[in-house]
Structures are given as C-alpha cells and as structure tokens.
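Per-entry structural report
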Amino acid sequence: MSVEACMGTGSHVTSLEHVQARLTLSYNRRGNLAIHLISPSGTRSTLLHPRPHDYSSEGFNDWAFMTTHSWDEKPSGAWTLEIENVAGASDYGTLTQFILVLYGTGSASSSPPEQAPSGNDNCKTLDLRQICIECNAGYYLFQQGCVKECTAGFSLGSQPVNYSVGNFIPPASVPACLPCPPPCLTCSSLSPQACLSCPPHSSLDSSGTCVHLNQYMRESPDSFMASQGSPGVRLQLSSRLPIAVAVLSCMAIIATFAGTFLLLQLRSGAQIKLPSLEGGRGLGGGFSLGGNRVVSYRGIPTMWGDDVINTDSDNEDFDGHNEKTAFIKTQSAL
C-alpha cells in the first residue's frame, strides 16, 4: 500500500508514533498465521506470532494490530503487509480488508494554508486571474497576498514570477515569504544552519542546525548537547577508562592471590622468621631492629626433595598409625 500520510490536510503526519493495521480475513486455522508489517524505511514489525494451540476458524474481523517499531520514521511511501502460513500447505483463507492508520506528529508547515489576505491595497501587480504576483516596496508576497512581516515557519526569500501574459517578459523574481527549509520548524533565513526552533524529537545545536535525537538522547538532551560541544574531553575520558579498569583488576587479582597464599600458609604451619622490634630509648630515641623471633608451624610439604625433620609428635603419630593398622589386619584374619 502506497500512502502519502494525508499530505495537504490538517492531519498530515511527518513523524510516526505508532501504526495500526486493521485487517479482516478468514482462515481455516488462524493459529498457523504469522503477520508482519514493513514500513517504507524497511523496519519489519511482527504483528502476530503463530499460536499452535489456536484452532479457531473465525479469522479476524476488523482487527486492529498495533506496532511502535516505526517510531519517528517518515510514513510516506510503500507499506508492505506479509501474511505467512507456518504450518500445513492445505490451509486456506481470504484477506478482505487492509486499512492502515498512522498516528504521529506534523510540523507547522504541514497545517492547511491560512486564507490569503483579502485586501490587495499593497499589491503592485496582478496577473490575468487577478492574483497578486508582486507587492509594493516594503511588503512581501505571501500566499497570494502582501504582508509586512513573515509569519512563523516562513522566512524572507526570492520567488520567480510568472506574469501569465501574452507578451514575452524575461523571468523576474520578487521578495516573498517562503517556508523554512527542513528540518527547521522556524528560521531566521532560508538556510538549514539558521534554525530558530526544531520539530519534535530534534534538538537545536550551537551552529543553528536541528539534530535528530534517538530515544536515548531524548532522555537527556542537555547532556548530549554538552558532550557534543567538547569532543576532546569525551575522547580523553573514554581512552583512559579501559586502562584504569585494567590496573584496578590486576591489583585486585594480586591482592586476592597474596591474601589466599598467606592464609593457607598460616593454616598449614610453615616456619617463618619474623624480625622483632625493640623499642628505642625515650620518646625521641626512635627504634631499631633486633634479633630474630621464630614462629614455628608445619607449613606446606616441600616437593623438591628436601630432608624432612621428623619431630617427636610426628613419630608418635606414626607409631599410633602402625598399631591401628596391625589391629585391623588381626581382626580381618580372625
């Protein structure tokens, strides 16, 4: 379906919010249907998923399927409706109605033109149809009339004149109020960099240009525009962030490894020689490192063939283990 989005009327839509596809169709098993809608910009929206447990043969009667996936797109162009049978090849049905309803916003220039000024007192030249085509000095041509100032959404420019007379007259131009160039809503001149205000979902930057905002930018347009004004700062922060994360991650891993190693050492009991501190003389004497203080515990067994010194407690444990082993063997033999 090719649509013009009600162009030329007061309902002209230039920016979509949501779309309804009103369908009437019959089908022997509607649960086997999948329905998709493709916008002129190429956005594919799924209006209906297959439903394996829906065995109804009633189809849909003026059923409105809604989608918001085409948000902020231009609705003018060709829309494509896809109806897909995902099951048996013997299914059948008929589509009898497809109505597309577009909801959105329109710019000020899309509103119907106001009635032209009735008085032609300031008109200098009329054509054969008695329509003003040139105004006196100090006035501007606007919608077949003459005005002193251009209204909002229009700016002063030059418009060619067709006198519609039999004699040949070289082409001429007259000052006239012309619509602001898109995407400007209002402007100071006929330039895209001379915008004074912007349509919905757009923001005015420092250069006088309307910048289109996506959904994320709309939540905080001020911070977005501020970040656009300082690209160097944003680039510098973004380049330092991975380095800081990597350094902090390495420090956390090293600290975790060292803490775990020391905890295992203390729980298992290796011998560590710690320097003892001896207090200095008086309050101003300072301190000095004295003799070594020995903390004895067993520690982790060595794997490099070092001689193992057996203590008395180790020998007692070994003898007790041998006695238990001999007792178990005797009981098994009996």
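All values reported here derive from a predicted model rather than from experimental measurement.

About the cut-offs
Residues numbered from 1 in each chain as written. Predicted model: local features only at pLDDT ≥ 70, side-chain atom pairs only at ≥ 80, totals over all residues. Heavy atoms only, no water. Helix = DSSP H or I, 4+ residues; strand = E, 2+ residues; numbered from the N terminus. Buried < 20%, exposed > 50% of the residue type's maximum accessible area, 1.4 Å probe, protein only. Contact = heavy atoms within 4.5 Å. Areas by Shrake-Rupley, 256 points an atom, 1.4 Å probe, with all protein chains shown as cover. Pairing = 2+ DSSP bridges. Axes fitted to C-alpha atoms, helices over the stretch in contact; angles between N-to-C directions. Phe/Tyr/Trp six-rings, centres within 6.5 Å; stacked < 30°, edge-to-face > 60°. UniProt positions renumbered as here; feature names shortened; annotations may be inferred. Patch = residues over 30% accessible without salt bridge, like charges linked within 9 Å, V, L, I, M, F, W, Y side chains within 5 Å. Salt bridge = Lys/Arg side-chain N within 4 Å of Asp/Glu carboxyl O.

**Focus on the overall build of the protein**
When helices and strands are counted, the protein shows 4 helices and 20 strands. Sorting the 334 residues of the protein into buried and exposed places 26% on the buried side. Contacts spanning at least 24 positions in sequence make up 57% of the contacts within the protein whose residues lie at least 6 apart. Here the protein has roughly 23100 Å² of accessible surface; of this, 58% comes from carbon and sulfur atoms.

**Thoughts on the sheet that holds strand β8 (residues 93-105)**
Strand order in the open sheet formed by 3 strands is β5-β2-β8, with antiparallel pairing between adjacent strands. Single-partner strands in this sheet number two, and they are β5 (60-67) and β8. For this sheet, the mean angle separating the axes of adjacent strands, direction not counted, is 20°. One ladder, built from 6 bridges, connects strand β2 (residues 15-27) with β5; its direction is antiparallel. Directly across from Q20, in β5, lies its bridge partner M66.

**Looking at the packing of aromatic side chains**
Throughout the structure, instances matching the rule amount to 3 aromatic pairs. With a centroid separation of 5.7 Å and an interplanar angle of 65°, the aromatic rings of F60 and W63 are classed as edge-to-face. By relative accessible area, F60 is classed as buried at 4%. A relative accessible area of 45% means that W63 is categorised as partly exposed. Arranged with centres 5.3 Å apart and planes meeting at 75°, the rings of F60 and F65 form a pair that is edge-to-face.

**Quick look at the UniProt feature "transmembrane region" (unreviewed entry) in the protein**
The feature "transmembrane region" (unreviewed entry), as annotated in UniProt, sits at residues 241-264 in this numbering. Segment residues 241-264 splits into 100% helix and 0% strand. End C-alpha atoms: 35 Å apart.

**Quick word on a nonpolar patch on the surface**
The grouping of I243, V247, L248 and M251 at the surface amounts to a nonpolar patch, some 420 Å² of accessible area in total. Within the secondary structure layout, V247 lies in helix α3 (residues 231-268). Using a relative accessible area of 44% as the deciding quantity, one classes V247 as partly exposed.

**Re the sheet that holds strand β7 (residues 80-85)**
Read from one edge to the other, the open sheet built from 3 strands follows the order β4-β3-β7, with strand pairing classed as antiparallel. At either margin of the open sheet sits one strand with a lone partner, and together these are β4 (44-48) and β7. Ignoring which end each strand starts from, the neighbouring axes of this sheet average 25° apart. By the bridge criterion, 4 bridges tie strand β3 (residues 33-38) to β4 in an arrangement that is antiparallel. Residue I35 lies in a different strand from β4, and its bridge partner there is L48.

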